[in-house]
Amino acid sequence: MKGKVRILLVLLGVALFSCSVEDDVPGPSSVETERTIFVYMPWSTNLLGAFRQNLEDLKTSILENRIRTDRFIVYLAQSQTQAELFEVKYNQGQIDTLPIKSYQNPAFTTAEGIAGFIDDVVSYAPAPAYSMIIGCHGMGWITVDSWWNTSAARTPLHWDHEGSLTRYFGGSYPECQTDVATLAQAIGQAGVKMEYILFDDCYMSSIEVAYELKEVTDHLIACPTEVMFYGFPYHVIGEHLTGKVDYEGIAEGFFQFYDHYTYPYGTIAVTVCSELDNLAAVMYEINERFTFDASLLGQVQRMDGYTPVIFFDYGDYVSHLCADEALLSRFEAQLERTVPSSYKRHTEEYYTDNLKSSIPIRAFSGVTVSDPSTHSVTSAKTETAWYKATHP
């Protein structure tokens, strides 16, 4: 199976993409809803087929588990200028697809544009709780400007390789890319807080990403490495995303799928966002007392295939930074509360298209950090909310 991986969601922060409205949103349904789940699938260049497979898997889960009280509202881009909003729902032993709204022309990468899309979903399917699944570009916290305005823009990205095995979503140019901070602003502007945001994209289980989104979601479900082309196995984990959300079940289902997959590479973690401020406080103490020894960089677990490395395992990095055993123990205890062991899984190796090979995983905290990176694209790391909260 061929595909590409990208996540400059930076989205790059999130490569998000919305369009102007063509018709009005129908009124709310009379169905009693416990949770509305937004499935956001922006223009994906040549991967529309992959999105459709994801939706078929989701439908399989809805049908097999007879999911009725959680509603799935899907935004699917058919091209760069056309997208549809529709509902996928269980109805007496079958799956109905109900059209809601069409979008035409300009793509919005602003908080206002994204908030408008969320407003449409909330108007059509109001609920006590909301969650969001995002399939698009993923490059961790890296901002659009920091990538395209440096020499990094002239180097191949993991989604640029022909015949790649990892996931590629969204457009290929900055005009179709949105920063993670913009996504956070949009969700806040829409006046909702997500129970979880699931990134079906590469490199989004990043401490910088999680900290940026901590006010707009309770949990972040994502992968710290590249995601294989198939993406999340919704036919396996769909039941755990609904009702009383089972985060351990999500992680285990993802792992079991990829552990037996043709390409057996998969990493996943769930971050408990309410614990991030406590983690930042401990990290501030560590950075106040210790400076990383650059000669140890080669010993820290890398989580990508870039040169220089952009994403390092966060827990392993701190273990090489902090020389105080008591303080390190406090950090590790807080990291366990933030990214619980039961909420994360990994295969023995992860795959990276940049190197066209797999890399062994010897240390795995579930989240990455770019603090020690010397890659030019990380020059903006000092401007992230995480960096500011954790450095004197």
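Residues numbered from 1 in each chain as written. Predicted model: local features only at pLDDT ≥ 70, side-chain atom pairs only at ≥ 80, totals over all residues. Heavy atoms only, no water.

Peer 1: Teacher, can you tell me more about unusual backbone geometry here?
Peer 2: Leaving glycine out, the prevailing phi sign among residues is negative, and the prevailing peptide bond configuration is trans. Each neighbour pair has its own omega, and for Thr 307 with Pro 308 the value is -10 degrees, a cis peptide bond. As for its placement among the helices and strands, Pro 308 is situated in the loop between helix 8 (276-289) and strand 11 (312-313). The phi angle at Tyr 203 is positive, at roughly 60 degrees, despite the residue not being glycine. In this structure, Tyr 203 sits in the loop between strand 8 (194-199) and helix 5 (207-213). (Helix = DSSP H or I, 4+ residues; strand = E, 2+ residues; numbered from the N terminus.)

Peer 1: I would appreciate a short explanation of the pairing of strand 8 in the present structure.
Peer 2: Along any regular strand, the residues point their side chains to alternate faces of the sheet. Along strand 8, five of the six residues are buried, which leaves the element largely enclosed by surrounding structure. By the bridge criterion, four bridges tie strand 7 (residues 129-134) to strand 8 in an arrangement that is parallel. From the neighbouring strand, Ile 134 faces strand 8, where its bridge partner is Phe 199. As paired strands, strand 8 and strand 9 (residues 217-222) are joined by four bridges and run parallel to one another. Residue pairing across strands places Leu 198 opposite Ile 221, the latter belonging to strand 9. Of the crossover connections in this fold, the one passing from strand 8 over helix 5 to the parallel strand 9 is right-handed. (Buried < 20%, exposed > 50% of the residue type's maximum accessible area, 1.4 Å probe, protein only. Pairing = 2+ DSSP bridges. Right-handed = clockwise from strand over helix to strand, strands pointing away.)

Peer 1: Is there a simple way to think about the nonpolar core in this case?
Peer 2: Generally speaking, nonpolar side chains in soluble globular proteins are found buried as a group. Counting 123 residues, the largest nonpolar core has Phe 199, Leu 213, Ile 221, Ile 286, Tyr 314 and Phe 331 as the members making the most contacts within it. Sequence-distant contacts of Phe 331, that is, excluding residues within four places in its chain, are made with Leu 279, Val 282, Met 283, Ile 286, Tyr 314, Gly 315 and Val 318. (Core = buried A, V, L, I, M, F, W, Y, C linked by side-chain atoms within 4.5 Å. Contact = heavy atoms within 4.5 Å.)

Peer 1: What is the right way to read the packing of helix 8 against helix 10 (residues 325-338) from this model?
Peer 2: Packed helices, taken two at a time, are described by the angle their axes make and the gap between the axes. Contact geometry of helix 8 with helix 10 gives a least axis separation of 9 Å together with a crossing angle of 155 degrees. One way to sum up the angle between helix 8 and helix 10 is to call them roughly antiparallel. You can see that helix 8 and helix 10 cross each other, and the crossing is left-handed. Residue-level inspection shows Leu 276, Asn 278, Leu 279, Val 282, Met 283, Glu 285, Ile 286 and Arg 289 of helix 8 in contact with helix 10, the latter providing Leu 327, Arg 330, Phe 331, Gln 334, Leu 335 and Thr 338. (Axes fitted to C-alpha atoms, helices over the stretch in contact; angles between N-to-C directions. Parallel < 35°, antiparallel > 145°, perpendicular 65-115°, else oblique. Left-handed = near helix turned anticlockwise from the far one by under 90°.)

Peer 1: Can you help me understand the pairing of strand 13 (residues 349-352) in this one?
Peer 2: Pairing between strand 13 and strand 14 (residues 357-360): four bridges, direction antiparallel. Each residue of the ladder has a partner; that of Tyr 351, found in strand 14, is Ser 358. Taking the residues between adjacent antiparallel strands as the criterion, strand 13 and strand 14 are bridged by four residues, where Lys 356 takes a positive phi near 55 degrees.

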